[in-house]
Amino acid sequence: MNPTFDVYDTTLRDGAQQEGMNLTVADKIAIAPLLDELGVGFIEGGWPGAIPKDTDFFGRAARELNLKNAVLAAFGSTRRADRRAGDDPQVRALLDSQAPVVTLVAKSDVRHVERALRTTPDENLAMIRDTIEFLTREGRRVVLDAEHFFDGYRFDPAYTRSAVVAAVEAGAEVVTLCDTNGGMLPRQVTAIVTELREALGHGEDSVYRLGMHAHNDSGCAVANSIAAVEAGASHVQGTLNGYGERTGNADLVAVVANLELKDGRTLLRGGGIAEATRIAHAVSEITNISPYGRQPYVGASAFAHKGGLHASAIKVDPDLYQHIDPRAVGNDMRMLISDMAGRASIELKGRELGFDLTGQGELLTRVTTRVKDLEASGYTYDAADASFELLLREEITGERPAFFRVESWRTIVERAGSRGAEATAEATVKLHAGDERHVSTGEGNGPVNALDHALRQALTAVYPEIEEFRLIDFKVRILDTDAGTDATTRVLIESTDGSTSWSTVGVGPNLIEASWEALTDSAIYGLIHAGVTPR
């Protein structure tokens, strides 16, 4: 255990309790090396004995994982009341996991002791002491999570302190103070941690090492974690991407990035903070939970700038509108193009896309005017970088890359039989590519899906690269709702080639026409960035 500071990840246990998340053993085996690569000191793998797949995880982890920075921790509870620790099946399961560290959860709020455990305050303290002493005799290092610590301390500080003392005297290396209900404010955390350390003694010879485990129900989990560290805690727990039940746990990347980049501490091993964005997004892929674009530090919008005033300043010095260099966490600055954009925004966005527009004032004015006019008619480019790049290429060269020429397209939706019967969609696309005329018919579960299939079939013979492209997100927005069924429609499509993704926008008098524009833009952009030339 790092004698100075511990970063303890509980994504695989506490984070996995998030609503809608269901991690398999294989998922956990895939995520653990990413957490290790980030540089955390501890990875809490789950609750062996209580949850069968967590028992399986520790079995597989012993055979398959080769962690370089972290050690595995098994989570469990203290012995049951009126039972010897060595005879408690749950405690034995913690030993059987072979994890070198055991994290015990124990009641520190006397109300929970009496009402939830239904035992006496003294017996609860004995349960803490006995379990820790047993595990340490068996060669395990023990962290104690003092559940409901802050609420318990505000109700009966003397008893809550006694739980901490019992744990340390029994051999726990760290006692983690848990804001289990997530209701504390930073000033309250600071006051309580400071008061506790003063009561227990916090000199250089102190054996008391305190940690912090914060939930985000008040929106203060990251701030509360930092407040605890500033008050003397030397161990912090959290989850990647802030996963967890209810509103989640402290986002470990945000906590560590603040302490490393703002406070000058070195907490992660191997400089992992520079890989935080990639790792956070990789874990999102495994959990199948879309990354939150506005997540601090690692979100796609964390360093995205939209206002023209911002762009003018960023053109002079990027640090004027950014609290850190995005590269410090593996992220990057992005310019968003919208009706708020000025010429500086267009120039910076062009540079981001690989176009040097320095000194091209007439072009910049033309692009800026066109973007504002199109956005006024319903387009949006801040969420459709690919469509903006095609627009910019068209203004620079005078035309879009001509990979194909569309002759016509149509869709048919048919339902045979009575109400409730399944409808089918069919689309026909006629286009010219590779000096030939191609006619293709596609079927799908809706007209857009059918159009997508038909377009791909028509192009595949000439551009086989398109087989790698697939649509991964589809959003529809009705722009003028007062017009009813005659309203203008905007469609945003996200596509991928398996390694990168891009977004395109289409606007039209109906859903199908808007979708067709976004689909064709997506195909053209994908082919350009696959290094394909028109055939």
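Rules used throughout
Residue indices follow the written sequence of each chain, beginning from 1 at its first position. Given that this is a predicted model, residues contribute local features only at a pLDDT of at least 70 and side-chain atom pairs are listed and counted only at 80 or more, while totals for whole chains, interfaces and linings are drawn from all residues. To obtain the side-chain values, all non-hydrogen atoms of the structure were used and water was disregarded. By definition, any uninterrupted DSSP run of H or I lasting at least four residues is a helix, any uninterrupted run of E lasting at least two residues is a strand, and each is numbered from the N terminus. Exposure is judged per residue with a 1.4 Å probe applied to protein chains only, and the accessible area is read against the type maximum: over 50% gives exposed, under 20% gives buried, and values in between give partly exposed. Contacts between residues were defined by any pair of non-hydrogen atoms, one from each residue, lying within 4.5 Å. To measure how exposed things are, a 1.4 Å probe is used in the Shrake-Rupley method; for residues, cover is taken only from the protein chains shown. Working convention for charge: Lys and Arg count positive, Asp and Glu count negative, and His plus the chain ends are omitted. The atoms used to mark charge sites are NZ of Lys, CZ of Arg, CG of Asp and CD of Glu. The patches reported here contain residues having more than 30% relative accessible area and no salt bridge. Joining distances are 9 Å for like charges and 5 Å for nonpolar side chains (Val, Leu, Ile, Met, Phe, Trp, Tyr). Only one rule defines a salt bridge in this text: a Lys or Arg side-chain nitrogen within 4 Å of an Asp or Glu carboxyl oxygen. Two rings from Phe, Tyr or Trp (for Trp, the six-membered ring) form a pair when their centres sit within 6.5 Å of each other. Planes less than 30 degrees apart are called stacked, planes more than 60 degrees apart edge-to-face, and all others tilted. Placement of a positive charge over a ring is assigned whenever Lys NZ or Arg CZ falls within 6 Å of the ring centre and within 35 degrees of the normal to the ring plane. Under the rule applied, a polar contact is a pair of N or O atoms within 3.5 Å (in protein, one hydrogen donor and one hydrogen acceptor; residues adjacent in sequence only if both atoms are side-chain atoms). Here, a strand pair is defined by DSSP locating no fewer than two bridges between the strands. To get an axis, fit a line to the C-alpha atoms, keeping to the stretch in contact for a helix; angles then go from 0 to 180 degrees between the N-to-C directions. Multiply 1.5 Å by the residue count of a helix minus one, and that product is the helix's expected span.

**What about the overall build of the protein?**
Of the regular secondary structure elements, the protein holds 17 helices and 16 strands. Counting only C-alpha atoms and orienting by the principal axes, one finds that the protein spans roughly 85 × 60 × 45 Å. Split into buried and exposed, the 535 residues of the protein put 51% on the buried side. When contacts within the protein are restricted to residue pairs at least 6 apart in sequence, long-range pairs at least 24 apart make up 67% of them. Of the roughly 23800 Å² of accessible surface on the protein, 46% is carried by carbon and sulfur atoms. Distance between charge centroids for the protein: 2 Å, based on 54 positive and 78 negative side chains.

**Notes on a nonpolar patch on the surface**
On the surface, F474, V476, I478 and L511 cluster together into a nonpolar patch covering about 290 Å² of accessible area. In terms of residue count, the dominant contributor to the nonpolar patch is strand 14 (residues 470–478) (three residues). The residue I478 is located in strand 14 in this model.

**Section: the packing of aromatic side chains**
A full pass over the atoms with the stated rule returns nine aromatic pairs. Relative to W502, the ring of F469 lies with its centre 5.4 Å away and its plane at 85°, an arrangement referred to as edge-to-face. On the criterion of sequence distance, the pair formed by F469 in the loop between helix 16 (447–460) and strand 14 and W502 in strand 16 (residues 501–508) is long-range, its members being 33 residues apart. Classification of W502 by relative accessible area gives buried; the value is 5%. Members of the aromatic cluster, connected to one another through ring pairs, are F149, F150 and Y153. Stacked on the ring of F75, the Lys or Arg R13 has its end atom at 3.7 Å from the ring centre. Just above the ring of F57 sits the side chain of K28; from NZ or CZ to the centre is 6.0 Å.

**Overview of the pattern of salt bridges**
This model, assessed by the stated rule, comprises 27 salt bridges. Notably, a salt bridge pairs E64 with R60, separated by 2.8 Å at the nearest N-O pair. Remark: R60 and E64 occur in helix 2 (residues 52–64); sequence separation between them is four residues, near one turn of the helix. The exposure class of E64 is partly exposed, given its relative accessible area of 40%. Residue classification places R60 among the partly exposed residues on the basis of a relative accessible area of 26%. Salt-bridge contacts for D521 lead to R400; the nearest nitrogen and oxygen are separated by 2.7 Å.

**Brief notes about the side chain of S97**
Considering the arrangement of structural elements, one finds S97 in the loop between helix 3 (89–96) and strand 4 (101–107). Within the structure, S97 has its side chain in polar contact with the backbone oxygen of L94 (distance 2.7 Å).

**Brief notes about helix 10 (residues 252–262)**
With nine of its 11 residues buried, helix 10 lies for the most part within the structure. Inspection of helix 10 places L252, V253, A254, V255, V256, A257, N258, L259 and E260 among the buried residues, and these make up the whole buried set. In this structure, the buried side of helix 10 is in contact with strand 1 (6–9), helix 1 (25–38), helix 9 (221–230), strand 8 (235–238) and helix 11 (276–287). Capping of helix 10 at its N-terminal end is provided by D251; its side-chain oxygen lies 3.1 Å from the backbone amide nitrogen of V253.

**So, the side chain of S234**
Assignment of secondary structure puts S234 in the loop between helix 9 and strand 8. Relative accessible area serves as the criterion here: at 13%, S234 is assigned to the buried category. Not counting residues up to four positions away in its chain, the partners in contact with S234 are T4, F5, D6, R209 and L210.

**Some details on the environment of G49**
On the secondary structure map, G49 appears in the loop between strand 2 (42–46) and helix 2. Under the relative-accessibility criterion, G49 is labelled partly exposed at 40%. Along the sequence, G49 and T488 sit 439 residues apart, while their C-alpha atoms lie 57 Å from each other. Non-local contacts of G49, meaning those with residues more than four positions away in its chain, are made with T55, Q90 and A93.

**Brief notes about the sheet that holds strand 14**
In spatial order, the strands read 14-15-16; together these three strands make up an open sheet with antiparallel pairing. Lying at the two open borders of the sheet, with one neighbouring strand each, are strand 14 and strand 16. Taking each pair of neighbouring strands and ignoring which way they run, the sheet shows an average axis angle of 15°. As paired strands, strand 14 and strand 15 (residues 489–496) are joined by eight bridges and run antiparallel to one another. When the bridges of strand 15 are listed, F474 appears paired with I493. Helix 17 (residues 511–529) rests against strand 14, strand 15 and strand 16 of the sheet, and its axis sits at about 145° to strand 16.

**Considering helix 16**
For helix 16, built from 14 residues, the straight-helix expectation of 20 Å at 1.5 Å per residue is met to within 8% by its first-to-last C-alpha distance of 20 Å. Among all positions of helix 16, only V448, A450, L451, D452, A454, L455, R456, A458 and L459 are buried. Where helix 16 is buried, its residues contact strand 11 (405–415), strand 12 (423–433), strand 13 (436–444), strand 14 and helix 17.

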